[in-house]
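One-letter residues, chain by chain:
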Amino acid sequence: MTKKDLLVTIQKTAFDLFNEKGFDAVTVMEICRACDITKPTFYKFASSKGALLLNYYEYLLRTPKEGWNDPVLHGSWWKCVEDMMIYAIDTLIAYGYELAAQLYIYNFHEGETSLFTFQDELIDELARILKNAREEGSVECHEDYRQLALSLIDLMLGYVGFWCLSSGSFDVKERYLYVLRQSCKYRG
Amino acid sequence: MKKNTEEQNQQRLDLILDTAMDLFLQRDIDDVSVMDICQACNITKPTFYKYIDSKERILIHFFNGAVDEMEDLWENLEEPQDHLGRILVMVTNTMKRAEGSKTQLFERYLALCLREHRITERYTSKFVPLIQDEIRQAQKDGQILNLGDPVLVYESLRNLGLGISMRWITSDNAFKLVESYIRIACSFLNVNPEYHSELLARSFGL
């Protein structure tokens, strides 16, 4: 098994354990036993349980290889925007509101590996796609695309944050999609 | 033992809260023990726990205090026709409180809410329908051009505030919270470029 495969295995195993028993109840030792590794090996890959959660999210976000900047594949440039944001929100929802809340809490302490800043590439990509979506005429969003991309991500993280606070009591994806269109002045 | 009146109880609770917040602002919250708070208030530990069940809970009281403040804020808001300004003054209240205290305290407060899945009072207060009404009026009067369902427009303003607040915490206070929020909120609301909000100018210098 390559180093990268082992990391993903650890992340996936830990994720399943957290889901099953709750984040606080799972010890690093348990994760090690489940992956058949030693504690020093664990710490070579992750500094803590929280880091594992966050890195797994980063990994999942990068997984779709075909990318988002293909209007033929997605239907239009605006559909690229929607599909990208829906993918990001779906990935967080798949954590469940308990684990997603842990992800936020962990994030507060870890400025440099943050949910809010790590996606630099993704922010740039989203900004480029928004520009194309405006040029194709689907939206009349304002033209500071990077700033807009950043605020759409804040809005998404705020929606999921509130979803965590309310114990997952509403359809966060549907609401976000509506507001996303409003915010970008969708003309459909 | 003579039973304390409700008023005395409230006074004592206020004293504990104010004293604790002073200490939290002076030092790292982790360096302030319940014992420190008791000594500063001249009360015993059991008395403390009669009023509040943990140190962190004090933060809930403090940030929920923003809701009481909203009452005064709302009463004293001038410019009844300036719906845009009224909306933004009301929805930025907690953020203003956060920016005026310490990032660390707001962080602990939000982490506690997230851990306990707690919808705090500011989200359920009686001001929610009032702000939604202001949004409806602002749409009608052409102050904002985002004509989405006012309930969902309010929801998006609130969640945008939560998202930006969390970014602000993560960035460790690297940008001006309220100012950035107002800028983005105006863009989301799609403010009519011909509309000048007196309250925005006065309250935020914009």
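Quick note: structure is the one above.
Please read these numbers as outputs of a predicted model, since none were measured by experiment.

### What to know about unusual backbone geometry
Residue and element names in this part refer to chain A.
And step 1. Despite not being glycine, Asp36 has its phi angle at roughly 60°, a positive value.
And step 2. Counting through the fold element by element, Asp36 comes out in the loop between α2 (28–35) and α3 (39–45).
And step 3. Residue Asp36 is classed as exposed on the basis of its relative accessible area, which comes to 71%.
And step 4. Phi is positive for Ser167, which is not a glycine, with a value near 55°.

### Here we look at the environment of Ala149(A)
Residues and elements named next belong to chain A.
And step 1. The residue Ala149 is located in helix α9 (residues 145–165) in this model.
And step 2. A sequence separation of 19 residues divides Ala149 from Leu130, and the C-alpha atoms of the two residues are 7.7 Å apart.
And step 3. In contact with Ala149, other than residues within four places in its own chain, are Ile123, Leu126, Ala127 and Leu130.

### What about the side chain of Asn159(B)?
And step 1. With respect to the element layout, Asn159(B) can be found in helix α9 (residues 150–170).
And step 2. The buried category is assigned to Asn159(B), whose relative accessible area is 0%.
And step 3. Setting aside residues up to four positions removed in sequence, Asn159(B) forms contacts with Asp154(A), Gly158(A), Tyr159(A) and Phe162(A).

### Re α2(A)
Residue and element names in this part refer to chain A.
And step 1. Along α2, the residues that are buried comprise Val28, Glu30, Ile31, Cys32 and Cys35.
And step 2. The inward-facing, buried residues of α2 contact α1 (3–21), α3 and α4 (49–62).
And step 3. With its phi angle positive at about 60°, Asp36 sits one or two positions after the end of α2.

### Structural notes on the environment of Cys35(A)
Residues and elements named next belong to chain A.
And step 1. Of note, Cys35 is situated in helix α2.
And step 2. By relative accessible area, which is 13% here, Cys35 ends up buried.
And step 3. Measuring from C-alpha to C-alpha, the distance between Cys35 and Thr9 comes to 7.4 Å, with 26 residues separating the pair along the chain.
And step 4. The contacts of Cys35, once residues within four sequence positions are left out, are Thr9, Ile10 and Thr13.

### Observations concerning the interface of chain A and chain B
Size of an interface: often given as the accessible area lost when the parts come together.
And step 1. Chain A puts 35 residues into the contact, and the matching count from chain B is 32 residues.
And step 2. The junction of chain A with chain B conceals about 3000 Å² of combined surface from both sides, 65% of it contributed by carbon and sulfur atoms.
And step 3. Scanning the region where chain A abuts chain B turns up 2 salt bridges.
And step 4. Across the pair Asp154(A) and Arg167(B) runs a salt bridge whose closest N-O atoms are separated by 2.8 Å.
And step 5. Here chain A is connected to chain B by 9 residue pairs in polar contact (both at pLDDT 80 or more).

### Details of the packing of aromatic side chains
Residues and elements named next belong to chain A.
And step 1. Counting across every chain of the model gives 18 aromatic pairs over all chains.
And step 2. Centroid distance Tyr56 to Tyr59: 6.2 Å. Interplanar angle 15°. Geometry classified as stacked. Pair noted here: Tyr56 and Tyr59 are both in helix α4, with a separation of 3 residues, about one helical turn.
And step 3. Residue classification places Tyr59 among the partly exposed residues on the basis of a relative accessible area of 27%.

### With respect to a negative patch on the surface
And step 1. Together, Asp68(B), Asp72(B), Glu75(B) and Glu121(B) make up a negatively charged patch on the protein surface.
And step 2. You can see Asp72(B) is positioned in helix α4 (residues 55–76).

### Digging into the nonpolar core
Nonpolar side chains in soluble globular proteins tend to be buried together.
And step 1. Membership of the largest hydrophobic core comes to 140 residues, with the highest contact counts inside it found for Ile31(A), Tyr95(A), Leu130(A), Met156(A), Phe24(B), Ile37(B) and Leu88(B).
And step 2. No other element matches α9(A), which puts 14 residues into this core.
And step 3. Ignoring anything within four residues of it in the chain, the contact list for Met156(A) reads Tyr57(A), Met85(A), Ala88(A), Ile89(A), Leu92(A) and Tyr176(A).

What counts, and at which threshold
Residues numbered from 1 in each chain as written. Chains lettered and ligands numbered in written order. Predicted model: local features only at pLDDT ≥ 70, side-chain atom pairs only at ≥ 80, totals over all residues. Heavy atoms only, no water. Helix = DSSP H or I, 4+ residues; strand = E, 2+ residues; numbered from the N terminus. Buried < 20%, exposed > 50% of the residue type's maximum accessible area, 1.4 Å probe, protein only. Contact = heavy atoms within 4.5 Å. Buried area = accessible area lost by both parts, 1.4 Å probe. Salt bridge = Lys/Arg side-chain N within 4 Å of Asp/Glu carboxyl O. Polar contact = N/O pair within 3.5 Å; in protein donor to acceptor, adjacent residues only side chain to side chain. Phe/Tyr/Trp six-rings, centres within 6.5 Å; stacked < 30°, edge-to-face > 60°. Patch = residues over 30% accessible without salt bridge, like charges linked within 9 Å, V, L, I, M, F, W, Y side chains within 5 Å. Areas by Shrake-Rupley, 256 points an atom, 1.4 Å probe, with all protein chains shown as cover. Lys, Arg positive; Asp, Glu negative; His and termini not counted. Charge placed at Lys NZ, Arg CZ, Asp CG, Glu CD. Core = buried A, V, L, I, M, F, W, Y, C linked by side-chain atoms within 4.5 Å.

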